[in-house]
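Structural description and commentary
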Amino acid sequence: MVQWEIECRIGNGHDILEKIRQGLGVKSFLIRQQRYESRGYKASTRGHGLTQQAEKKIARLQKVYQTNWKALLALPVANLAGLQALESDDLIIRSSWHDRYRHHGSESELPWIWKLV
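In short, a report on the structure. (Residues numbered from 1 in each chain as written. Predicted model: local features only at pLDDT ≥ 70, side-chain atom pairs only at ≥ 80, totals over all residues. Heavy atoms only, no water.)

With that settled, consider the environment of Gly49. Structurally, Gly49 can be placed in helix α2 (residues 41-73). With a relative accessible area of 27%, Gly49 lands in the partly exposed category. Put simply, Gly49 and Leu30 are 19 residues apart on the chain and 9.9 Å apart in space, counted from C-alpha to C-alpha. (Helix = DSSP H or I, 4+ residues; strand = E, 2+ residues; numbered from the N terminus. Buried < 20%, exposed > 50% of the residue type's maximum accessible area, 1.4 Å probe, protein only.)

Structure representation (structure tokens):
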């Protein structure tokens, strides 16, 4: 039973990370859409509201992942299959990371959630 729960928790962790990556992609799209294509107060307000909804969804998924992570650490796990503790710094949009680090000459690595398959 313990091995079954470990496998389920690892699979759940990967599923949650996929949803987080998708949520960050949606947030990135909404920010670009709002910045470059929205004209007027109504469109700008709607875009801002949608961006906030995406941020709330990501924060909710982060809490779910952290709960799953704590439960996984309580089990005798030999291989975590790439899973790590999820920090707020890991939840960065790839375009923001690229603009911040690559254009300024820093060689900081992309957060681990983007490298995990």
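Here the focus is unusual backbone geometry. Here the phi dihedral of Ala81 falls at roughly 55°; this positive angle occurs in a residue that is not glycine. Structurally, Ala81 is set in the loop between α2 and α3 (94-102).

With that settled, the discussion passes to the packing of aromatic side chains. Any aromatic ring pair is given by two values, namely how distant the centres are and how the planes are angled relative to each other. Scanning all chains against the criterion turns up 1 aromatic pair. Ring centres 6.4 Å apart and planes at 50° place the aromatic pair Tyr65 and Trp112 in the tilted group. Taken together, the residues Tyr65 in helix α2 and Trp112 in helix α4 (residues 112-115) connect sequence positions 47 residues apart. Each member of the pair, Tyr65 together with Trp112, is buried. (Phe/Tyr/Trp six-rings, centres within 6.5 Å; stacked < 30°, edge-to-face > 60°.)

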